[in-house]
Structures are given as structure tokens and as C-alpha cells.
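Read off the chains here:
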Amino acid sequence: MKYLQITLSLCLFLLTGWNVSSASAQSAQDQGVYEYVVRAADGSIDSITNAVQDALLGAGWEIVANVAPGAPASCSYAASVVIAHRPAYGNVVMRANNATGPFGVLDRINIFEDEDGVHVSIVNQRNIIRTVLMNDTGYADFVEQHVTGLRTAILDAVTGSESVRQYGQVRSKGYIGRTMGVMAGGRFDGKVKDVALIPGRSLNEVANLVEQGLRRPGEKWGTGLSFRVDLAQYQTVLFGTTGTPLDSKSFEIVGAGEDSERDGFACPGLAHAGAYPIELVVTATDDGVAIRMVDAMYRMKMYFEDAGKIAFMKNMTMPGSIAGELENKCEMAGA
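These figures come from a predicted structure and were not determined experimentally.

Participant: Lay out the pattern of salt bridges with the relevant residues and their values.
Facilitator: A full pass over the atoms with the stated rule returns 18 salt bridges. Measuring nitrogen to oxygen at the nearest pair gives 3.0 Å for the salt bridge that ties glutamate 305 to arginine 171. Here arginine 171 lies in strand 7 (residues 166–171) and glutamate 305 lies in the loop between helix 9 (296–304) and helix 10 (309–314), a separation of 134 residues in the sequence. Arginine 171 gets classed as buried once you look at its relative accessible area, which sits at 6%. Each of Glu35, Arg126, Glu144, Arg151 and Glu162 takes part in a single network of salt bridges with overlapping partners.

Participant: Describe the confidence of the model for the protein chain, naming the residues involved and giving the relevant values.
Facilitator: Averaged over all residues, the pLDDT of the protein chain is 91; the fraction at 70 or higher stands at 90%. Overall, residues 1–27 carries pLDDT values under 50, and its contacts beyond four positions in sequence, including any with other chains, amount to 33 contacts.

Participant: Could you give an account of the nonpolar core, with specific residues and numbers?
Facilitator: Core analysis: the biggest nonpolar cluster contains 97 residues, and Ile109, Ile154, Val282 and Ile291 have the highest contact counts within it. Once you skip the residues sitting within four places of it in the chain, isoleucine 154 turns out to touch Val37, Val38, Val52, Ile109, Val120 and Ile122.

Participant: Break down the pairing of strand 10 (residues 236–242) for me, citing the residues and quoting the values.
Facilitator: Most of strand 10 is tucked away: 7 of the 7 residues are buried. Of the two faces of strand 10, the one lined by Thr236, Leu238, Gly240 and Thr242 and the one lined by Val237, Phe239 and Thr241 are each fully buried. Summarising the sheet, strand 9 (residues 224–231) and strand 10 pair through 7 bridges and their orientation is antiparallel. By the bridge assignment for strand 10, arginine 228 is matched with phenylalanine 239. What sits between strand 9 and strand 10 in their antiparallel hairpin is a turn of 4 residues, with glutamine 235 showing a positive phi close to 50°. Bridge count for strand 10 against strand 11 (residues 278–285) is 6 bridges, and the pairing is antiparallel. If you follow leucine 238 over to strand 11, its bridge partner there is valine 281.

Participant: Outline helix 3 (residues 45–58), listing residues and values.
Facilitator: Between its first and last C-alpha, helix 3 extends 20 Å over 14 residues, near the 20 Å set by a 1.5 Å rise per residue. Every buried residue belonging to helix 3 is among Ile45, Ile48, Thr49, Val52, Gln53, Ala55 and Leu56, and all of these are buried. The buried residues of helix 3 occupy an angular sector of 165° when the element is viewed end-on, so they sit on one face. Pointing more than 90 degrees away from the buried face of helix 3 are the exposed residues Asp46, Asp54 and Gly58. Residues of helix 3 that are buried make contact with strand 2 (62–67), strand 3 (79–85), strand 4 (106–114), strand 5 (117–123) and helix 6 (140–157). Glycine 60 sits one or two positions beyond helix 3 and adopts a positive phi of about 105°.

Reading the values: rules and limits
Counting from 1, residues in each chain are numbered in the order their sequence is written. Two thresholds apply to this predicted model, a pLDDT of at least 70 for residue-level local features and 80 or more for giving and counting side-chain atom pairs, whereas whole-chain, interface and lining totals are computed over all residues. The basis for every side-chain value is the complete set of non-hydrogen atoms in the structure, without hydrogens or water. What makes a salt bridge here is a side-chain nitrogen of Lys or Arg within 4 Å of a carboxyl oxygen of Asp or Glu, nothing more. Starting at the N terminus, helices and strands are each numbered in turn, a helix being any DSSP run of H or I of at least four residues and a strand any DSSP run of E of at least two. Using a 1.4 Å probe on the protein chains alone, a residue whose accessible area is under 20% of its type maximum counts as buried, one over 50% counts as exposed, and one in between counts as partly exposed. Values of pLDDT, the confidence the predictor places in each residue, fall between 0 and 100. Note on contacts: a residue pair is in contact if any heavy atoms of the two residues lie within 4.5 Å. Definition of nonpolar core: a set of buried residues of the types Ala, Val, Leu, Ile, Met, Phe, Trp, Tyr and Cys, connected through side-chain atoms within 4.5 Å. Only strands that DSSP links by at least two bridges are regarded as paired with each other. In this analysis, the expected span of each helix is defined as 1.5 Å times one less than the number of residues it contains. Arc, as used here, means the arc of the directions from the helix axis to the C-beta atoms.

This is the structure in C-alpha cells:
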């Protein structure tokens, strides 16, 4: 069945030929932040993680990192997040918008367990790229082919029940509105903030300082260095950072989100583990080397909005505290 679906998708791509009206129709579809690929998979988290990494390497991806997120207290389940980069995909996203593109070039595959077994899900690039590229509909078909390729590689490596079920916040467009009319909404390009702008230093010098700072464990949220990806062609270095209790607290807050199937599970928030690491971007500009990150509350909404308005209101200070920890790391390293 999966081969028939892939063939039909490829035929549609060839027939539409980057037709903008087709892309517009596709971009208007409801999309969840996350999408299952395999449910009740055969094997352990470790064996499935290794199989997924091998399959992606053989299909043209580079493995950037393998992150083991923390689980909420008293949770006996675990997760593993594979971060991967397919240069052919990343190049198109960067050329589309080299300022916002770095925040959408990587794939995140979440291998996690719960009462129903071990599952494999992905961060749904259809949803995320619409936000990162400010609803630019011209890339919808390209992103669809990329997601199809990612799913195919995973399905070739992992056996179990194939699934296309999406979860997390469901959106019909890339624009994210304000919670309660005031909190963390707007166009993505307006939410990318310069943490620092440093003249007189090279890109690599500043990137090395940021890497040094990220390697220091965060005092409150435990953030550390998760990965570094050099996008030399675009004079950009992409970092990832996460840690515990940043992740475990987030999973505790979101719980099952709006997914009623996971209500009552011991730690349903592990299904959202693909939300991390957080991205920091170091990039050369005409005025110096900029260190950038997405407004922390806005990024939380991108990946955890299904936690609900009340949860966001109760934890309003958390995003600012996270951002402060990361900014302090850059300052301490001299960046």
C-alpha cells in the first residue's frame, strides 16, 4: 500500500509541476504539528533508533544528533529523538528565506514508548514550514515530497502498524494567532530576535564562542549543547540546545494535549519530544555576526499550543526564563 501511495504522490507532483494553485489548495489543509509513521513498532527504542538512523543515511540524510529527552517524574517510559539533515531539502528552504529558513531545515524523528508500545512519529514539516516561510505556498509540493521520502525511509526500516494520524496543534495555515488576543502571535519573521549583533569578529569565531557557552549546563533548565550544523554556503551555523528539566517540565505541562486517545497515560507528553532541541542561529550580516533565536513564547506555541490557553497562562514566565538562560550562556562565553 505504501508504494502505491508514494507512486500516486510522485505522479501528482509531476502533473502539477509546481503549480501555485495546487500548492495553495494543499497549504490550506489542516495539519498537525506531529505525525505518526509507525505505531506499536517491533523492537526496542534503541534498536529502532539505530534502524532509523541507518535508513536515513542510506536515503540521503545526515544524522545530526540523537537526543534522549528527560521524562516527567515517576515516568517509566522513555524516548529518543533523531535529528537529521537532508542537504537537498535544506538548500531549498534556505534559498526560500535565509533569515527564517534555518529554523526549519532539520527533521526530527521521535521514537517513544507508552502503554501501547513503541511508536515512531515525526515533526510534520508541512505544518512547520508553512509557519517558518510565512505561508509561502510555492513550496508546499516540495515539502510534501520531502515528508513522503522521510516516511518511506522510516517505513523501510521499522515494522509495525503504519499510521498517518496527526496530533498536536492542528492548523490550516502557517500564521499563529495570539493567545487571549495578546500573547505570542504574528508572522514568524517578526519573532526571530537578535540576541546579539557582534561587529569585528568572524562567523566561525562567534560560532565557537556560542558553542563554548552552550556546553555549560544551564543552572535552571539544564540546557546544553545538542548539535552544531555548519551551513557554510549560507554563512550560517545552526545550534541545538535542550536539557532537563526543560523537556520534562514541558511534557508534564502539555500532557495529552488535545489527543483524547492518550488521556490517562502515565506520561503522554513524550509524544511531543520532537519539539526539542531549541535552535540558535549564528549568521553573518552586513553589520556583523548575529546570534538569533525565536521568541521563546512563540516557539512554545509552535510545538505545544495544544496544551491549551490555561496551561500557557499558568506558565507564562517559563519561556522568558528559558530565553534568559540561553542569552546568559552567550554573554558568559563573550559572544
